[in-house]
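Residue-level structural notes
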Amino acid sequence: MVGHSNSQYDVHELDMTGSVSECSYLPGRMSRMQYRLALSLTPERYEHLLERGWRRFGRTLFRPMCAACSECRSLRIDATAFQPTRSQRRTRNRNDDIQLHVGPPTATSEHLDLYNVYHLDMHERRRWPFREICRDQYFESFMDGEFPFAREFQYRLNDRLVAVGLVDMTDRVMSSIYFYHHPELRERSLGTFSVLRELALAQETGRHWLYMGYYIRDCISMNYKNRFAPHQFLQQYVADDEPAIWQVPE
């Protein structure tokens, strides 16, 4: 572990390297992650990290550093140029009865029930590991730390909470962190709908990029992200003082 203070951004971070473990996304692969713990981040510092492939869950920042695999590719969508496809417009119209409220992240019993029923369904259908989450665990995963850009997208149908998106919003960019929804509404393609709503808000507020985390071609849970165009891939994960190069796919 290495601790350092970045005076340019007035933030203290702690660097760590995880151990090699079985990959959660691709069977038969091994993975290793690079981590940073941060009590707080300025929006400017966070944008700098996003541009270099870092993701945030609570106080934990992470990105892959696998020795023999480069399938996890950071992807960002150009919100200023995005136009939905015909299929995406159908998904948007099919869900026009769902109300969206954007505010600070919260952790109510409604959130925990929805989170747990979603993950139980994913465990049964896709063999995700399942452990019922409690309020403290939810807080640690999604709400811990001082991050003024943290937001929650609450989706309600007839006043019922049916989906939640955790999204970071600085003045210039957005980062889609996590999304979960009620499995009863799977046919509505709420995952696609949530990305469309995030992109719409980015366009309305003049934000350039929507960072989508990692695209993994051969993982069904992670390979939908390149359906939103135009998008770019990060060429490689670089140090803080090196330029980040993003490329348009060929």
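Residues numbered from 1 in each chain as written. Predicted model: local features only at pLDDT ≥ 70, side-chain atom pairs only at ≥ 80, totals over all residues. Heavy atoms only, no water.

**Notes on unusual backbone geometry**
Cis geometry marks the peptide bond from alanine 229 to proline 230; its omega dihedral reads 0°. Looking at the secondary structure, you find proline 230 in the loop between strand E13 (209-215) and strand E14 (231-234). Here aspartate 159, not a glycine, exhibits a phi torsion of approximately 70°, which is positive. Given the relative accessible area of 63%, aspartate 159 is considered exposed. One non-glycine residue, serine 189, lies in positive phi territory at about 55°. (Helix = DSSP H or I, 4+ residues; strand = E, 2+ residues; numbered from the N terminus. Buried < 20%, exposed > 50% of the residue type's maximum accessible area, 1.4 Å probe, protein only.)

**A few points about the confidence of the model for the chain**
Chain-level pLDDT for the chain is 90 on average; 94% of the residues reach the 70-or-more range. Contacts from residues 1-5, a stretch scored under 50 in pLDDT, to residues over four places away or in other chains number 16 contacts. (pLDDT = per-residue confidence, 0-100. Contact = heavy atoms within 4.5 Å.)

**Focus on the packing of helix H2 (residues 86-94) against helix H5 (residues 190-205)**
In the contact formed by H2 and H5, the axes pass within 9 Å of each other and the chain directions differ by 95°. It follows from the interaxial angle that H2 and H5 lie roughly perpendicular. Between H2, through Gln88, Thr91 and Arg92, and H5, the contact on the second element is made entirely by Thr192, Phe193 and Leu196. In the contact of H2 with H5, the residues fall into 2 nonpolar, 3 polar and 1 charged. (Axes fitted to C-alpha atoms, helices over the stretch in contact; angles between N-to-C directions. Parallel < 35°, antiparallel > 145°, perpendicular 65-115°, else oblique. Nonpolar A, V, L, I, M, F, W, Y, C, P; charged D, E, K, R; others polar.)

**What about the environment of arginine 126?**
Its place among the elements puts arginine 126 in helix H3 (residues 109-126). In the structure, arginine 126 is positioned 10 residues away from aspartate 136 in sequence and 26 Å away in space, judged by C-alpha atoms. Those residues within four positions of arginine 126 in sequence are excluded, and the remaining contacts are Ile220 and Ser221.

**Topic: the nonpolar core**
Counting 27 residues, the largest nonpolar core has Ile77, Tyr155 and Leu199 as the members making the most contacts within it. Mapped by element, the contributors of at least two residues to this core are strand E8 (73-78), strand E10 (150-157), strand E11 (160-169), strand E12 (173-181), H5 and E13. The greatest single-element share of this core, amounting to 7 residues, is contributed by H5. Contacts of leucine 199, omitting those with residues within four sequence positions, involve Ile77, Ala79, Phe82, Leu210 and Phe228. Membership of the second largest hydrophobic core comes to 17 residues, among which are Leu41, Leu50, Phe147 and Trp209. (Core = buried A, V, L, I, M, F, W, Y, C linked by side-chain atoms within 4.5 Å.)

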